[in-house]
Amino acid sequence: MKAVVVWVVVAVAGCHAAHPPPAPVRQSSLSLAMSGLSLSNGLRVVVVHDPAASEIEVTMRYRVGSVDDGADHPGIAHLVEHLMFQQMLGAQSLFAHLEDDATFFNGETSFDATTYMSRAPKAKLDELLSIEAVRVGFRCTTISEAAFEREREVVVNELRQHDTVSEAWAVLHEAIYPAGHPYRQPTIGSVDSVRTITREQACAFADAHYAPTNGVLVVSGNITPDEVITSLKKFLARVARRDVVAPTSVPPPPDAGRRGTASAPIDDPLLVVAWPLPPGQRERVEVDAIAVFAQSAIDGAIKGRVHEFRLGDVRAPMIGFVIEPAHDETLDEIRTSIDHALGALPSQLRRVHSQLLGD
């Protein structure tokens, strides 16, 4: 175990360098036509027409993640994600249907969301959307106790095989986010916490969060909005509208100026520099652009290596750098070098801005 030095510096917010017809189509610079609509049950749908695509992709994102686990059941959102592949459609599980029909499929639980993805030939659109209809419409009703126990054990084994990278990632979240912040809790829970979750608790969680009003469906590929609407009417549009539990509130990113150390399963000490991202999307894009120059400035000031990283999720994200010192550099020396490099960054950005404008 070596010490990971966590260094949170100043915030950068404010830096500036029924079935209604689809909404008006917007054409992107990538020649992707995008349109949106909402079903009468509250499901929001986005269609991305890509004439060059050889397959279609269906992505369903629910506004529920590990922050909604609560203190009593860490890992329940991730366990429910696994269970939503074990529902029955006819004589087969959804997992078996996806193995037969899809060329790719997966699920993912983050702090703020649970996302299901599948890809298949265009002719399989009905099959992919029927799977999403079963997930949101039936939830746990077709999952047996035996299937639940089997899938819970799969998650437990996944936790036992937790790798070093995941452990180090968890250490960073615990070190940077303050006590009580929901982003400090691992998204998949622990062996002990998952083992205590019952089928009734998992099903209650699904009922509380899986509803059309809490989801966004994206269908992309060489497909038109009218074709998607025709398929939606067969399955997803028939799912009843339901109320859901309000999502757990997430505090803003931690205050700037915090410093500290934490132990992680790594061979050599690292220095971590992180900033809270601003709340506005435009400001976040600007910070992304500035981060490129910041990484270059740090890289030029030290002998070691610099890697950009992201922490948290949509509602309280952090951006930063992990610095690997060279064998003849100390962490104190690197801190001083970074101070100087970042202190000179504003004037460098002004020079770049002037050059771009031809001043």
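About the cut-offs
- By convention here, each chain's residues receive numbers from 1 onward along its written sequence.
- pLDDT decides what is reported in this predicted model: residues at 70 or higher carry local features, side-chain atom pairs at 80 or more are listed and counted, and totals for whole chains, interfaces and linings draw on all residues regardless.
- No hydrogens and no water enter the side-chain calculation; it runs on all heavy atoms of the structure.
- Secondary structure elements are defined from DSSP: runs of H or I of at least 4 residues count as helices, runs of E of at least 2 residues count as strands, and each element is numbered from the N terminus.
- Think of it in three bands: with a 1.4 Å probe and only protein chains considered, a residue is buried below 20% of the maximum accessible area for its type, exposed above 50%, and partly exposed in between.
- Note that accessible areas follow from Shrake-Rupley with a 1.4 Å probe, and for residues the cover is restricted to the protein chains shown.
- Charged residues are defined here as Lys and Arg on the positive side and Asp and Glu on the negative side; His and the ends of the chain fall outside this count.
- By convention, charge coordinates are those of NZ in Lys, CZ in Arg, CG in Asp, or CD in Glu.
- Here, the term nonpolar core denotes a set of buried Ala, Val, Leu, Ile, Met, Phe, Trp, Tyr and Cys residues that are joined through side-chain atoms within 4.5 Å.
- Two residues form a contact once any of their heavy atoms are found within 4.5 Å.
- A pair of strands is treated as paired once DSSP finds two or more bridges between them.
- Note on geometry: axes are lines fitted to C-alpha atoms, helical ones only across the stretch in contact, with angles between N-to-C directions running from 0 to 180 degrees.
- Orientation labels follow simple angle bins: below 35 degrees gives roughly parallel, above 145 gives roughly antiparallel, 65 to 115 gives roughly perpendicular, and whatever is left gives oblique.
- We call a crossing left-handed when the near helix sits turned anticlockwise from the far one by less than a right angle, and right-handed when that turn is clockwise.
- Only the six-membered ring of Trp is used, alongside the rings of Phe and Tyr, when aromatic pairs are assigned; centres must lie within 6.5 Å, and planes under 30 degrees apart are stacked while those over 60 apart are edge-to-face, with the rest tilted.
- Throughout, the ten residues Ala, Val, Leu, Ile, Met, Phe, Trp, Tyr, Cys and Pro are labelled nonpolar, Asp, Glu, Lys and Arg are labelled charged, and all others, Gly among them, are labelled polar.
- Throughout, the protein atoms alone are placed on a 1 Å grid, and a set of points is a cavity if a 1.4 Å probe fits but cannot get out or a pocket if it is open with protein on both sides within 12 Å along at least five of seven lines; lining residues have an atom within 4 Å of a point.
- Grid points are joined across faces, edges and corners, and a volume is the space filled by probe spheres set on the points.

**Quick word on the overall build of the protein**
- Across its full length, the protein carries eleven helices and 14 strands.
- Taking the principal axes of its C-alpha atoms as reference, the protein extends roughly 65 × 55 × 35 Å.
- The buried share among the 359 residues of the protein stands at 46%.
- For the protein, the accessible area works out to roughly 17,500 Å², and carbon and sulfur atoms hold 54% of it.
- Of the side chains in the protein, 32 bear a positive and 45 a negative charge, and the two mean positions are spaced by 5 Å.

**Regarding the nonpolar core**
- Among the nonpolar cores identified, the biggest contains 53 residues, and Met84, Leu217 and Leu236 are the most heavily contacted of them.
- Ranked by the residues each element gives to this core, the list is headed by helix H3 (residues 125-138), at seven residues.
- Beyond its immediate sequence surroundings of up to four residues, Leu236 is in contact with Leu39, Asn41, Leu43, Met60, Leu129, Glu132, Ala133, Val136 and Leu217.

**Digging into the pairing of strand S9 (residues 114-120)**
- Burial of S9 is extensive: six of the seven residues sit out of reach of the surface.
- Alignment of strand S5 (residues 56-62) against S9, held across seven bridges, turns out to be antiparallel. Residue pairing across strands places Val58 opposite Ser118, the latter belonging to S9.
- Hairpin connection from strand S8 (residues 104-109) to S9: four residues lie between these consecutive antiparallel strands.

**Focus on helix H2 (residues 94-101)**
- Inspection of H2 places Leu94, Ala96, His97, Leu98 and Asp101 among the buried residues, and these make up the whole buried set.
- Contact partners of the buried residues in H2: strand S6 (88-89), strand S7 (92-93), S8, S9 and H3.

**Overview of the packing of H2 against H3**
- At a closest axis distance of 11 Å, the pairing of H2 and H3 adopts a crossing angle of 165 degrees. Taken together, H2 and H3 sit at an angle that is classed as roughly antiparallel. Note on packing geometry: the crossing formed by H2 with H3 is left-handed. Contacts between H2 and H3 pair Leu94, His97, Leu98 and Asp101 from the former with Glu127, Leu128, Ile131, Val134 and Arg135 from the latter.

**What about the packing of aromatic side chains?**
- For the coordinates displayed, the defined rule picks out eleven aromatic pairs.
- Note on Phe85 and Phe95: the rings are 6.5 Å apart at their centroids and 75 degrees apart in plane angle, and the pair reads as edge-to-face. Here Phe95 lies in helix H2 and Phe85 lies in the loop between helix H1 (76-83) and S6, a separation of ten residues in the sequence.
- Members of the aromatic cluster, joined through ring pairs, are Tyr62, Phe85, Phe95, Phe105, Tyr116 and Tyr210.

**Let's talk about the packing of H3 against helix H8 (residues 225-234)**
- Viewed as axis vectors pointing N to C, H3 and H8 meet at an angle of 45 degrees, and their least axial separation amounts to 9 Å. Our classification of the angle between H3 and H8 gives oblique. Crossing geometry of H3 relative to H8 is assigned as right-handed. Every residue of H8 that contacts H3 at Leu125, Asp126 and Leu129 is listed here: Glu227, Val228, Ser231, Leu232 and Lys234.
- For the contact of H3 with H8, the residue count by class is four nonpolar, one polar and three charged.

**Here we look at empty space enclosed by the protein**
- For the largest cavity, the calculated volume is near 40 Å³.
- Residue lining of the largest cavity: Leu98, Phe105, Asn106, Tyr116, Met117, Ser118, Leu128, Ile131, Glu132 and Arg135, and that is the complete set.
- When residues of the lining of the largest cavity are traced back to their parent elements, those giving at least two are S8, S9 and H3.
- When residues of the lining of the largest cavity are assigned to their parent elements, the largest contribution, four residues, is made by H3.
- Partitioning the lining of the largest cavity into residue classes produces six nonpolar, two polar and two charged.

By themselves, these figures tell us nothing about what the structure is for.
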